[in-house]
Amino acid sequence: MGGTAAPRTLAEALRARGDEGLAALLRARPDLLVPVPSDLTQLATRAGTRASVVRALERLDRFTLQTAEALAVAPDPAPYPVLLGLMAGDEGDAEVVAALPRAVGTLREQALLWGDDDRLRLVRTAREVLAPSPQHPSPTGLGPTVAEATAGMSPTRLQEIIATAGLPTTHDPVSAVAALTDLFTDRERMGALLDTAPVEALGVLDRLVWGPPYGEVTPNPAPPVRWLRDRGLLLPATARTVVLPREAALHLRAGRAHRVPEPVPPAVTPAREYRPQVVDSTAAGQAYTALATIEELAKEWNEGGPAVLRAGGMSVRDLKRTAVALDVTEQVAAFWLEVAYAAGLVAPDGEADERYAPTPAFDEWLALPAAERWARLAGAWLAATRTPGLVGSQDAKGRTLAALGPDLDRGAAPEVRRRVLTLLAGLPAGASPDPETLLARLRWERPLRDGRGAGQAGADLRARLASWTLTEAELLGVTGRGALSAHGRALLPGAPAPGTDHPVDGHAPEAHGHTTSAHGHAADPHGHGHAQDAHGHAQDQPRRATVPGPAVPAPEAYNGRRPAHAATATHAGAAALLAPLLPEPVDHVLLQADLTAVAPGPLKRPLADMLAVVADVESKGGATVYRFTPASVRRALDAGQAAADLHAFLAAHSRTPVPQPLAYLIDDVARKHGHLRVGAASAYVRCDDDAVLGEILADKRSASLRLRRLAPTVLAAQADPATLLEGLRSMGFAPAAESAEGDVLITRAHTYRTPARTAPAPVPEGPPEPDATLLGAAVKAIRAGDLASTVVRKQEPAGRAAGDGEPPRTSAAETLATVQAAAMTGSAVWIGYVNAEGAASQRVIAPVRVEGGFVTAYDHTADEVRTYPLHRITGVAELADDPT
């Protein structure tokens, strides 16, 4: 501690930190900031609560967690050499020796560990969580100590054990336990004792040494078990259970607390490698498909989408219908629905009969360049906590989770997505990962989160999130052929260079290529060389990769959330890289004699919109094929187009002459269009040619319309106008709707939109990571509050110690006199204050003016000038040392 006295508490250890050290703690454990602690004592108390400690332990990597588990079974306090022995064993492990300082530094930074190297102390709550017990075995596989296992044992039995073990008898149980402990921790004497053990007894120890340390025995145990029990190598845990004491197990393990320490994370190895250009072009093609799919979804819902279930979300039937319309599987359809919802492009309309529909933001999005539209989708997907992969599964109550419904938020999703892409960024350019090694790396980085399936029994949510990320990134065009694209890499600010496999978290100790050991010297925890670059002449066909990039420890705390301005700049960079790879929109089609039109690429917006009205999409792919039918031409006429307009439109946008069959089709449909008029009586049909009406009456297909002639040129129907129109069209006629005034009604394509809606906000697991401004303000407030609570006063009432943290109590006259004197001398005082809500606090102030029942002073706690009513000051005391 730089020559100062060793800290006696966690609060004192935090008090000895600099502002950067406190900021690092609050950044790594943002839950400690809610609300901002009043002083360092409160911060230390909050850092030791069970909920906060468990949350911090869950964010440790495997080796740092193993270090904490070793400290939980070590003496308290434990010198650094003792911890090193537990981690590296008697033989020593170079990788463990090199990595241990980083792990200790991480635990100390996160206030899970405090004290100097000669007195390392795991916080009490962490020790309780990680220490072994019969109900909660430790991952170390160690059992209780000799002292814990013999608690309650009769003194006579203790003396029998130490006598059988060859030790001299003692006069009390405490010394007997100490003698047995010394025997088990003495390598030489313990080795001599085990040399005399029967082979069968050593076999029993082999079964218990790595855990679990408990075994059942019969009332009359076998001779090997009796030999071990008589010498204290097995101690009774219950009437039928014995346990291998911790000290004996550590001797048998050569001092190791863990069977397999994992100081270095497993490397993510490439499975295939492609030329980066192939990856980028493949990803760009899929990005274009993603945009087309979202547009197709909105087009399907232009007149109002599926109904919203009473419990929220879409029905299974509507999801299947949407999947058919998009020509994808139901799971993929759920993904596109959730992406559009996360981007704010679709939402419920909020009506009494609530339905899904595109939002006004969709029209704004549609007006953007294609690359920017894609960047918006990718950014929304990265930040969303909603998890499409859960659609169709069941929650803890057995209810099926619906697309766009509730209970799909998983706070870990953004972190896992960003971490998966970051690991892909560390592979050689153009390399796709081996999924198993990727999952192994994620399990190493967050071991305590394995198996927490958020309602999915026995499932590993993080592993499933990682698998879904790989699939979804490919669908969205972030990756191509499984490898991260250049525009996908641009979505990750600070991503490692290809082939480095570095973490993205810039403030992690390991991100700088070296660590500082607990003894103050630098140590290289890895000892690996540089990664080999991908060959620039790699073929388009996949090939097996044999040399993975080096691995370094992952960030200790990273939640995947970034400021909005950083995200905007990131989206612009990704869009700039993607734009040259997307096909340029074309302004023409190729008309063919079979009544089809071929679009040789993506069409410009006005052309695409008009062609979608006058023709139907027959097939999609590299070139979209449209087919002209009587129904599609009639749809264009219903939308207000005349035959001459359609001829002019096709002639202007076709690189080939308008085929004669298509011209005949348009003219034929136009000639019949509007010959019949349908209006609302209930409904009626009128036509100047009474022979046509007679033909309709004679057709058996008109029976369901229940028509009757009112006049030679008018038929009445008991069906509504829409049904009547549809029925006549199914009979081959081309009726037109008319208004009450007799004018033809033009039916244009509907573009129903919801009211303005905001995109759903992500639901994080905990408080967001604080920014630099908040951290600076919080550290300043905590420092000031700590000054007020620990400052030394000149005078104290009888029976109170200086600096005990209790606010002063003085009479009104004493308070007034003291603050007036302080204002005159310019000195600071310590006050107790109760605000208008009745909340009591203590502050250090420097009074400037006292008048009218108020004192105006510079408040060191708030770092600003404030005015306080004198009647709310409960007491005042002078300071021994002026903080200014």
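Residues numbered from 1 in each chain as written. Predicted model: local features only at pLDDT ≥ 70, side-chain atom pairs only at ≥ 80, totals over all residues. Heavy atoms only, no water.

## Section: the overall build of the protein chain
Reasoning step 1: A tally of helices and strands in the protein chain yields 33 helices and 27 strands.
Reasoning step 2: Across the 884 residues in the protein chain, those meeting the buried criterion constitute 49%.
Reasoning step 3: Carbon and sulfur atoms make up 55% of the accessible area of the protein chain, which totals about 40,100 Å². (Helix = DSSP H or I, 4+ residues; strand = E, 2+ residues; numbered from the N terminus. Buried < 20%, exposed > 50% of the residue type's maximum accessible area, 1.4 Å probe, protein only. Areas by Shrake-Rupley, 256 points an atom, 1.4 Å probe, with all protein chains shown as cover.)

## Some details on the environment of Pro-762
Reasoning step 1: Tracing the chain through its elements places Pro-762 in the loop between β22 (736-737) and α32 (772-790).
Reasoning step 2: Counting along the chain gives 353 residues from Pro-762 to Asp-409, while the straight-line C-alpha distance between them is 7.7 Å.
Reasoning step 3: Apart from the residues lying within four places of it in its own chain, the contact partners of Pro-762 are Ala-383 and Thr-385. (Contact = heavy atoms within 4.5 Å.)

## Some points on helix α10 (residues 155-164)
Reasoning step 1: Taken residue by residue, α10 has Leu-158, Gln-159, Ile-161 and Ile-162 as its buried positions. One side of α10 holds all its buried residues, which, seen down the axis, span an arc of 160 degrees.
Reasoning step 2: The inward-facing, buried residues of α10 contact α11 (173-185), α14 (223-230) and β4 (235-238).
Reasoning step 3: Phi turns positive, to about 90 degrees, at Gly-166, one or two residues after α10. (Arc of directions from axis to C-beta.)

## Regarding the sheet that holds strand β23 (residues 829-834)
Reasoning step 1: Here 5 strands make up an open sheet; going across it, the order is β26-β25-β24-β23-β27 and the pairing antiparallel. Every other strand in the sheet has two partners, leaving β26 (864-869) and β27 (873-878) as the edge strands with one partner each. The average angle at which neighbouring strand axes cross in this sheet is 45 degrees, direction not considered.
Reasoning step 2: Bridge count between β23 and strand β24 (residues 840-851): 6 bridges; the pairing is antiparallel. What sits directly across from Val-829, in β24, is Ile-845.
Reasoning step 3: Contacting β23, β24 and β27, helix α33 (residues 812-825) runs over the sheet at an angle of about 60 degrees to β24. (Pairing = 2+ DSSP bridges. Axes fitted to C-alpha atoms, helices over the stretch in contact; angles between N-to-C directions.)

## Quick word on the pattern of salt bridges
Reasoning step 1: For the structure on display, the rule yields 32 salt bridges.
Reasoning step 2: Between Arg-55 and Asp-31 there is a salt bridge, with the nearest N and O atoms lying 3.3 Å from each other. Placement of Arg-55 in helix α4 (residues 50-58) and of Asp-31 in the loop between α2 (19-28) and α3 (40-47) is noted, with a sequence separation of 24 residues between them.
Reasoning step 3: For Asp-31, a relative accessible area of 13% puts it in the buried group. (Salt bridge = Lys/Arg side-chain N within 4 Å of Asp/Glu carboxyl O.)

## A word on unusual backbone geometry
Reasoning step 1: The step from Val-34 to Pro-35 runs through a cis peptide bond, and the omega angle for that step is -10 degrees.
Reasoning step 2: As for its position among the elements, Pro-35 is in the loop between α2 and α3.
Reasoning step 3: Cis geometry marks the peptide bond from Asp-76 to Pro-77; its omega dihedral reads 0 degrees.
Reasoning step 4: In this fold, Pro-77 is placed in the loop between α5 (62-73) and α6 (80-88).
Reasoning step 5: Not every positive phi belongs to a glycine, and Leu-595 is a case in point at roughly 65 degrees.
Reasoning step 6: Its location among the elements puts Leu-595 in the loop between β14 (590-592) and β15 (596-599).

## Structural notes on helix α23 (residues 461-476)
Reasoning step 1: In this model α23 runs 22 Å from its N-terminal to its C-terminal C-alpha over 16 residues, within 8% of the 22 Å that 1.5 Å per residue would give.
Reasoning step 2: As for α23, its buried residues are in contact with α16 (276-300), α18 (330-342), α20 (370-383), α21 (413-425), α22 (435-445) and β10 (479-480).
Reasoning step 3: Its side-chain oxygen at 3.2 Å from the backbone nitrogen of Arg-462, Asp-460 defines the N-terminal cap of α23.
Reasoning step 4: Positive backbone phi, approximately 90 degrees, marks Gly-477, located one or two places after α23. (Expected span 1.5 Å × (residues − 1). Polar contact = N/O pair within 3.5 Å; in protein donor to acceptor, adjacent residues only side chain to side chain.)

## Structural notes on the confidence of the model for the protein chain
Reasoning step 1: In the predicted model, the protein chain carries a mean pLDDT of 83, and the fraction of residues at 70 or more is 85%.
Reasoning step 2: Counted against residues more than four places away or in other chains, residues 503-565, with its pLDDT under 50, gives 147 contacts.
Reasoning step 3: A low-confidence stretch, residues 796-804 (pLDDT under 50), is modelled with 14 contacts involving residues beyond four sequence positions or located in other chains. (pLDDT = per-residue confidence, 0-100.)

## Looking at the packing of α16 against helix α17 (residues 316-326)
Reasoning step 1: At a minimum axis distance of 10 Å, the contact between α16 and α17 shows a crossing angle of 125 degrees. Between α16 and α17, the angle is such that the two are oblique. Pair α16 / α17 crosses with right-handed handedness. Where α16 approaches α17, its residues Thr-293, Glu-296, Leu-297 and Glu-300 are matched on the opposing element by Thr-322, Ala-325 and Leu-326.
Reasoning step 2: Here the contact of α16 with α17 is built from residues that sort into 3 nonpolar, 2 polar and 2 charged. (Parallel < 35°, antiparallel > 145°, perpendicular 65-115°, else oblique. Left-handed = near helix turned anticlockwise from the far one by under 90°. Nonpolar A, V, L, I, M, F, W, Y, C, P; charged D, E, K, R; others polar.)

## Overview of the sheet that holds β15
Reasoning step 1: If you walk across this open sheet you meet the 4 strands as β14-β15-β17-β16, and the pairing is antiparallel. Only two strands of the sheet have a single partner each, and these edge strands are β14 and β16 (616-619). Each adjacent strand pair in this sheet contributes to an overall mean axis angle of 30 degrees, direction not counted.
Reasoning step 2: Strand direction decides the pairing type here: β14 and β15, joined by 3 bridges, are antiparallel. Paired with Leu-591 across the bridge in β15 is Ala-597.

## Observations regarding the pairing of strand β25 (residues 854-859)
Reasoning step 1: Alignment of β24 against β25, held across 6 bridges, turns out to be antiparallel. Paired with Ala-846 across the bridge in β25 is Tyr-858.
Reasoning step 2: Counting the residues between successive antiparallel strands, the hairpin from β24 to β25 contains 2 residues, one of them, Gly-852, with a positive phi of roughly 60 degrees.
Reasoning step 3: Here β25 runs beside β26; their pairing, made up of 6 bridges, is antiparallel. Across the sheet, residue Phe-854 finds its bridge partner in β26, namely Pro-869.

## What about the packing of helix α26 (residues 605-614) against helix α28 (residues 643-653)?
Reasoning step 1: For the pair α26 and α28, the least separation of the axes is 12 Å and the interaxial angle reads 130 degrees. Considering their axes alone, α26 and α28 lie oblique with respect to each other. Of the two elements, α26 crosses α28, and the hand of that crossing is left-handed. Between α26, through Leu-607, Met-610, Leu-611 and Val-614, and α28, the contact on the second element is made entirely by Leu-646, Phe-649 and His-653.
Reasoning step 2: Its residues assigned to classes, the contact of α26 with α28 comprises 6 nonpolar, 1 polar and no charged.

## A few points about the side chain of Ser-632
Reasoning step 1: Tracing the backbone through its elements, the reader meets Ser-632 in helix α27 (residues 630-638).
Reasoning step 2: The class of Ser-632 is buried, set by a relative accessible area of 0%.
Reasoning step 3: Among the polar contacts listed, one links the side chain of Ser-632 to the backbone nitrogen of Thr-629, at a separation of 2.9 Å.
Reasoning step 4: Not counting chain neighbours up to four residues away, the residues in contact with Ser-632 comprise Val-613, Val-614, Ala-615, Asp-616 and Arg-627.

## Quick word on the nonpolar core
Reasoning step 1: Grouped together as the largest cluster of nonpolar side chains are 89 residues, with contacts concentrated most on Leu-14, Leu-26, Leu-43 and Leu-233.
Reasoning step 2: In terms of residue count, α5 provides more of this core than any other element does, 7 residues in total.
Reasoning step 3: In terms of nonpolar packing, the next biggest core, distinct from the first, is built from 69 residues, Met-314, Ala-333, Tyr-356 and Leu-438 among them. (Core = buried A, V, L, I, M, F, W, Y, C linked by side-chain atoms within 4.5 Å.)

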